[in-house]
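Examination of the molecular architecture
Residue-level listing of the chains:
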Amino acid sequence: MRTICLADEFPEARTIYRWLRQYEEFRHQYAHAKAEAAEAFNEDILDIADDGSNDWIEVRNKKGEIEIVLDKEHVMRSRLRIDTRKWLMEKLKPKKYGLNPIGVQMMDKNGDPTDPHSDPHIAAAIAMIEKAKSNGEA
């Protein structure tokens, strides 16, 4: 939204935020658009991960010879870009991209995300883990 609001033909960010408070339908459309942004981030992650074009650079060693070495800064920046998108995906679509309390996304028989607490055995196991944590046993 920040980038779009910089364009002359779009309203300022404060106008958008006011509309979010005032108009329920706009609020729903905005929420839907934000959730769909997670899918775009998913595509970005694949592009970033697959692009190794700047991973290697030429440097001159102490002897004056040119060597090709890993550009650690670029690789770390790519990792940060991926991690940031993963974090945003988790926040924007927690049911699809988020982690449940024990760190694994549970799926139903159709492959759709499901709430682990709906299974009484899993819910009991989670409760035992949480109790152990609170007692300092885990």
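Quantities reported herein were computed from a predicted structural model and do not represent experimental measurements.

The next thing to look at is the pattern of salt bridges. Tallied over the full model, the rule gives 8 salt bridges. Residue Glu 130 is joined to Lys 133 by a salt bridge in which the shortest nitrogen-to-oxygen separation is 3.9 Å. Of the two residues, Glu 130 and Lys 133 both sit in helix α6 (residues 120-134), 3 residues apart, roughly one turn of that helix.

The geometry of helix α2 (residues 13-22) relative to helix α3 (residues 24-50) is characterised by a closest axis approach of 6 Å and an angle of 115° between their N-to-C directions. Here α3 runs roughly perpendicular to α2, going by the angle between their axes. Every residue of α3 that contacts α2 at Ile 16, Trp 19, Leu 20, Arg 21 and Gln 22 is listed here: Glu 24, Phe 26, Arg 27 and Tyr 30. Residue composition of the contact of α2 with α3, by class: 5 nonpolar, 1 polar and 3 charged.

A cluster of like negative charges, contributed by Glu 43, Asp 47, Asp 50 and Asp 51, occupies part of the molecular surface. When you line up the elements, Asp 50 lands in helix α3. Classification of Asp 50 as exposed rests on a relative accessible area of 65%.

So, on to the pairing of strand β2 (residues 66-70). Looking at chain direction, strand β1 (residues 56-60) and β2 are connected through 5 bridges and run antiparallel. In the sheet register, Glu 58 faces β2, and the bridge partner there is Ile 68. The turn linking β1 back onto β2 is made up of 5 residues, and Gly 64 within it adopts a positive phi angle of 90°.

We now examine the side chain of Arg 85. One can find Arg 85 in helix α4 (residues 72-92). Polar side-chain contacts of Arg 85 include one of 3.1 Å to the backbone oxygen of Arg 81. Each residue touching Arg 85, except ones within four places of it in the same chain, is listed here: Phe 41, Asp 44, Ile 45 and Ile 48.

Taken N-terminus to C-terminus, the directions of α3 and α4 make an angle of 155°; their axes are 9 Å apart at the nearest point. Accordingly, the angle class assigned to the pair α3 and α4 is roughly antiparallel. The two elements α3 and α4 meet at a crossing, and its hand is left-handed. On α4, the residues touching Lys 34, Ala 35, Ala 37, Ala 38, Phe 41, Asn 42, Asp 44, Ile 45, Ile 48 and Ala 49 of α3 are Ser 78, Arg 81, Ile 82, Arg 85, Lys 86, Leu 88, Met 89 and Leu 92. Classifying every residue of the contact of α3 with α4 gives 11 nonpolar, 2 polar and 5 charged.

For the rest of this paragraph, the subject is α2. Residues spaced three or four apart along an α-helix face the same direction, because each turn holds 3.6 residues. Buried within α2 are the following residues: Thr 15, Ile 16 and Leu 20. The buried residues of α2 occupy an angular sector of 145° when the element is viewed end-on, so they sit on one face. Across from the buried face of α2, at angles greater than 90 degrees, the exposed residues are Arg 14 and Arg 21. Contacts from the buried residues of α2 go to α1 (2-6) and α3.

The rules behind these values
- Residues numbered from 1 in each chain as written.
- Predicted model: local features only at pLDDT ≥ 70, side-chain atom pairs only at ≥ 80, totals over all residues.
- Heavy atoms only, no water.
- Salt bridge = Lys/Arg side-chain N within 4 Å of Asp/Glu carboxyl O.
- Helix = DSSP H or I, 4+ residues; strand = E, 2+ residues; numbered from the N terminus.
- Axes fitted to C-alpha atoms, helices over the stretch in contact; angles between N-to-C directions.
- Parallel < 35°, antiparallel > 145°, perpendicular 65-115°, else oblique.
- Contact = heavy atoms within 4.5 Å.
- Nonpolar A, V, L, I, M, F, W, Y, C, P; charged D, E, K, R; others polar.
- Patch = residues over 30% accessible without salt bridge, like charges linked within 9 Å, V, L, I, M, F, W, Y side chains within 5 Å.
- Areas by Shrake-Rupley, 256 points an atom, 1.4 Å probe, with all protein chains shown as cover.
- Lys, Arg positive; Asp, Glu negative; His and termini not counted.
- Charge placed at Lys NZ, Arg CZ, Asp CG, Glu CD.
- Buried < 20%, exposed > 50% of the residue type's maximum accessible area, 1.4 Å probe, protein only.
- Pairing = 2+ DSSP bridges.
- Polar contact = N/O pair within 3.5 Å; in protein donor to acceptor, adjacent residues only side chain to side chain.
- Left-handed = near helix turned anticlockwise from the far one by under 90°.
- Arc of directions from axis to C-beta.

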